[in-house]
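Breakdown of the fold
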Amino acid sequence: MHADTLTASKPSASEPAQAQALLTVDDVHRAFGGVKALDGAHFTLLRGESHALVGENGAGKSTLIKILSGALARDTGTITLEGAPYTPANPHDAKALGVQVVHQEFNLLNDLSVAENISIESLPRRFGLLDKGEMERRARQALDAIGLTELAVTTPVGRLGIAHKQLIEIARALQSDSKVLILDEPTATLTERETSRLFEIINDIKAKGVTIVFVSHHLDEVFAICDRVTIFRNGRTVTTENIADSNPSQVVQHMVGRSFGERSRDRETVEAEDPVVLRVDRVRTSVCPHEEGVSLAVKRGEIVGIAGLVGAGRTEFLRALFGADPLVSGEISLHGEPLALGGPADAIVAGIGFVTEDRKEEGLILSMDLSANTSMASLDAVSSAGLLNFDAERKMAGDGGARLDLKYSALSDPASSLSGGNQQKVVLAKWLARNPQLLLLDEPTRGVDVGAKAEIYTILESLANQGVSMLVVSSELPELMTLADRILVMADHAIQGELARKDFSQAKILALAYGQAAPDTPASESA
Amino acid sequence: MMSDTQTVGSIPTPQRGLSVRGIINSAGIGLALLLLIVFFSFASEHFLTPNNITNILTQITINLILAVGMTFVILIGGIDLSVGSVMAFAAVVAGKAITLPGLGPAELILLATTAGVLAGLACGMLNGFLSAYWSLPSFIITLGMLNIARGAALQVSDAQTIYSFPRAFENFGSLLISGVPVVFLVALVLVLLAWFVLTRTVFGRIIYGIGSNEEAVRLAGHNVFAYKVAAFSICGLTAGIAAIIYMARLNISSPIAGIGFELNAIAAVIIGGTSLSGGRGSVIGTLLGAFIIGVLANGLILIGLSDFMRQMITGVVIVVAVILDHYRAKLAGNG
C-alpha cells in the first residue's frame, strides 16, 4: 500500500547468482515427532542482498530461522557459511559466526537503559567494575550506525515505543560483527511511518554490506525492500524468485499451491425458482431490543452472508437459529415445516449444523482424538445399543478427512495437535458427517492461514453446489464478498439492508453496518 | 497439488479406548505401585504374606468402590464430597431394612441391599440434579449433602448402631476365594464395568467430553444435564454398594461410618492420574491409586511407622500426584 514511498531501494536483481553466495542451505530436514517441520529446505543467500522468506504459518520459516540462529539443530542437510560448514550449537555460536536474529518478541530489559540493553551481552569492564563511559560510547555508536541519532542512550527502554524497541534490538544485533541479520516479522507491530523508517534503516545496513533475511506476511513490504524471495510450503522450499521478475499474486500462488480468490461456484446466481430451505420470521433473541426481530429466507444451495459490526447481534442470531440459546419470539421453518427448537439436538435432527465462532471453546474437544471429534454429533451412526463401533468411527473420520483434504498424521492424534485451519476442517467434518441441509457458520476462517482459508472457501462452495444452504457470519468483508451469493447487513439486531452479488462493495456494506443508509424495508410499528 | 502432505486412510491408527498416552500414564502409576510393593517386601517380612495380601485387599475394597463412582464425577469436572456420609445413610437405611421382623434371611438381604443401594442412588441423583440444573459448583452442593446425609443417618438410626444381621450376610463379608476376599472381587467387577462403560460406550465418550469441553458437547446435540445427573447418580450408587459391603464386613451399621472416606476416594482418583479439572483419566488409574493408598497404609504400619507418619506420607503422595497431573496437562495442551 505504501510501496511507492519505499521504491527508492528497489533493486536491480541482476547480481550474478552463484558468485557471491554467503550462506547456502541445502536439503535441510527437521522433524518434531512425526511432524516434518522442514522437509527439504534449499536456498542461497547472496552477499549484501535482502532476501525474503515467505510462506503460510507452519510452512517451515520459523523452524529454519531457529536452525540458522542455533536455537534448534537440524536432522539432516548441510548449511555452509562463506564456504565453511555452519553448525552452530547454540545462539551464542551463531552470533560469534556473524548470524544475528531479531525476533518478534523482544528480549529487552525494560528497566535498564538503552545503553545497558545494547551492551548487555558483553558489558565493558574496568578494574572489574562496569565501565559506564565506555558502555555509553559504544551504545551511541551503535545507535548512530542505524541513524537513531536523536535517542539518548540513558533512556530506560520501558519508556520507548515498540518501533524504537525494535530498532534497539537491531542496534544490539549489529553491534557485533554481523554478516547476516535475520528480521523475523519486524513490521508486525509497527505503524506505516515506523515501517518506512525501519526500511530506510534496513537499506542503510544493507549498503554497509550486511545481508538481510526478511520474514514477513506482508507481500507489499517484501516487494518494497527485498531483492529476492524464497517461498516455503509444507516444510519445503517451493522456489526462489527475483523480486523484479515476480509479482505478489504469483508468490501467493506458490504459497498456497493454487490460484487464490477465484470463485468455484458452477452457477453465478441462485435461481429464483430454487426452493426456500430456511425461513425465519421476526426472530428475537434475548438481547434483541426491538419487536421486529430478524426475518430472512435462504434458498437451496444459497450462501447468504451476514455482515455487521461486533455487537450487531449476528452471533446471537445464529445461536438462536441453532437452539443454542432460547428464542424469545418469532418463527423458524425448514422446508416449509415449522421448527420448534428446544435445544441444539432439535436443530441437528432437522438437518442444521453450526460451525461456531470459537472452535477451541465451542467447536472441538481439543484433548480428544480426531475420530472422536468427527463423530461427536453423529454418535448414533457409529454405535449400536450405546456401544461404540470404533471401526465405523474411524471410517467416518477418515472419509471426512479425505473429503476435506485434512492434514494429520493419525486419527488417534488429539485435535490440539492440528493447525488452526485443519482444526476448522475437523469441525466441518463433524457436521458434514450428518449431511446437513443448512450450515450456520460463524467466522468460519478466524485464525486460519491464507492457504487453509482458500481450501475452506472451496469446500463451502462445493457444498453449496451440492445443494447445502449456508448462513455465513463474518467480519472479513472480502471473505463474505468471495463466498456469498447475497449479503445481509445487520446492525442493532436487525437487518439493515441486502446486497445482491453484483452490488457488493465494502463501502456499501460498511455504510449499512454503520446505519448510514435507511433500511430498505419500512419498519413495522413497534411497541 | 498438496501431494506432499499426509492424508487420510492409509495411515494405520493405534488401537482406541486406551490411548497411548493413557497407557503411559497408567504404566507410570503401576510402576510406582510396583516399586512400593518391592520396597515393602524387603522392608518387612510380613508384607508379602498371603494373610497380609488378603488384609490389603479387604482394606482397600470400600475405598475402591467409592473411588469408582468418584471417577465419573471427577471426569465431568465435578467433585462429590458427600460419599462418606451418603454411605453411612445408605448403611443405616439398609440396616433398618435388614433388621425388620417377620421376614426370612434371603428376603431381608434382598430388601436391605435394594434399599441401601437405592438410598445412595437417590442422594447422588439429588446432588447431580441440584448442581446441574442451576449450574452450581458441585463442591458446595455435595458439601451440603455431606451434612444432610450424615444428619439423616443419625436421625433415621436414632444415633444408634444397628447390628445382628442374618448369618449368610455376615458370612459374605468375610468369604475368601483362594485368599481373595469376595468383597474385593465385587469391587473389581465394578472397576471392569466402569472401564467398559467409560471406554467403549457413547455414555463414556460423552462423560469425557463434558469434562473437556461441555459447550462443544452441548452444541453437538447432547443432553449435558442428563449426563451430569447420571455421573453423580453413579457416584451415589457406588456409595450405596459400598454401604452394603461395609455392613457385611463389619456386621454393624453405624450412622457415624465413613467419616472422611470421601477424601480417600478423591485421593485414589487423583493419584490414579485423573485430572481434577475433568476430561482426562481412567478408572484403571483409580484402581492403581486405591492400591497405592492401601499398600502405603498397610506397609508403613508394618515397618513400624506411626499412623501420623502414614497420614503425612499419604498427603505427600497426593501432592506429588497433583504436581504430576499439572505436567501432564501441560503436555496435553502442547499436543
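What counts as what
- Residues numbered from 1 in each chain as written.
- Chains lettered and ligands numbered in written order.
- Predicted model: local features only at pLDDT ≥ 70, side-chain atom pairs only at ≥ 80, totals over all residues.
- Heavy atoms only, no water.
- pLDDT = per-residue confidence, 0-100.
- Contact = heavy atoms within 4.5 Å.
- Buried < 20%, exposed > 50% of the residue type's maximum accessible area, 1.4 Å probe, protein only.
- Helix = DSSP H or I, 4+ residues; strand = E, 2+ residues; numbered from the N terminus.
- Pairing = 2+ DSSP bridges.
- Axes fitted to C-alpha atoms, helices over the stretch in contact; angles between N-to-C directions.
- Parallel < 35°, antiparallel > 145°, perpendicular 65-115°, else oblique.
- Left-handed = near helix turned anticlockwise from the far one by under 90°.
- Nonpolar A, V, L, I, M, F, W, Y, C, P; charged D, E, K, R; others polar.
- Salt bridge = Lys/Arg side-chain N within 4 Å of Asp/Glu carboxyl O.

A few words on the confidence of the model for chain B. Across chain B, the average pLDDT comes to 89, with 90% of residues at or above 70. Below a pLDDT of 50 lies the segment residues 1-20 of chain B, which in the model reaches 45 contacts outside its immediate sequence neighbourhood of four places, other chains included.

Residue and element names in this part refer to chain A. The buried count for strand β21 (residues 438-442) comes to five of five residues, which makes it a mostly enclosed element. Pairing geometry for strand β18 (residues 352-355) and β21, over four bridges, is parallel. Bridging across to β21, Ile 352 finds its partner in Leu 438. Bridge count between β21 and strand β22 (residues 469-473): five bridges; the pairing is parallel. In the strand pairing of β22, Leu 439 is matched with Met 470.

With respect to the element layout, Ser 82 of chain B can be found in the loop between α2 (50-75) and α3 (83-98). Excluding anything up to four places from it in sequence, Ser 82 of chain B contacts Asn 127, Thr 142, Met 145 and Leu 146 of chain B.

Our focus in this paragraph is the packing of α2 of chain B against helix α7 (residues 182-200) of chain B. All names here are of chain B. Where α2 meets α7, the axes come as close as 8 Å, and the angle between the chain directions of the two elements is 20 degrees. The orientation of α2 relative to α7 falls into the category roughly parallel. Crossing hand, α2 versus α7: left-handed. Side by side, α2 and α7 meet where Leu 57, Ile 60, Thr 61, Leu 64, Ile 65, Val 68, Phe 72 and Leu 75 of the first sit next to Val 183, Phe 184, Ala 187, Leu 190, Val 191, Ala 194, Val 197 and Leu 198 of the second. Class assignment for the residues of the contact of α2 with α7 results in 15 nonpolar, one polar and no charged.

Next up on the list: the pattern of salt bridges. Residue and element names in this part refer to chain A. Taken as a whole, this structure holds 28 salt bridges over all chains when the rule is applied. Note that Arg 228 is salt-bridged to Glu 49, the shortest N-O span being 2.8 Å. With Arg 228 in strand β11 (residues 228-233) and Glu 49 in the loop between β2 (35-46) and β3 (50-55), this residue pair connects regions lying 179 residues apart in the sequence. Under the relative-accessibility criterion, Glu 49 is labelled buried at 1%. In this structure, Asp 325 engages Arg 319 in a salt bridge whose closest nitrogen and oxygen atoms are separated by 2.8 Å. Its relative accessible area of 29% is what places Asp 325 among the partly exposed residues.

Attention now goes to the sheet that holds β18 of chain A. Residue and element names in this part refer to chain A. Strand order in this open sheet of six strands is β18-β21-β22-β15-β23-β24, and the pairing throughout is mixed. Either end of the sheet is taken by a strand with one partner, and the two such strands are β18 and β24 (494-500). Each strand axis lies, on average, 20 degrees off the axis of its neighbour in the sheet, ignoring direction. Sheet analysis places strand β15 (residues 303-308) next to β22, joined by four bridges and oriented parallel. What sits directly across from Gly 305, in β22, is Val 472. The sheet strands contacting helix α14 (residues 420-432) are β18 and β21, and the helix crosses β18 at an angle near 170 degrees.

Here we come to unusual backbone geometry. Residues and elements named next belong to chain A. Backbone geometry at Asp 405 places phi at a positive 55 degrees, although glycine is not the residue there. In this structure, Asp 405 sits in the loop between α13 (390-403) and α14. Using a relative accessible area of 23% as the deciding quantity, one classes Asp 405 as partly exposed. Unlike most non-glycine residues, Glu 443 shows phi in positive territory, near 50 degrees. Mapped onto the secondary structure, Glu 443 falls in the loop between β21 and α15 (450-465).

A few words on the environment of Leu 175 of chain B. Residue and element names in this part refer to chain B. Mapped onto the elements of the fold, Leu 175 is located in the loop between α6 (167-174) and β2 (176-177). According to the relative accessible area criterion, Leu 175 is partly exposed, its value standing at 43%. Counting along the chain gives 74 residues from Leu 175 to Arg 249, while the straight-line C-alpha distance between them is 9.4 Å. Not counting the four nearest positions on each side in its chain, Leu 175 is found in contact with Val 180, Pro 181 and Val 182.

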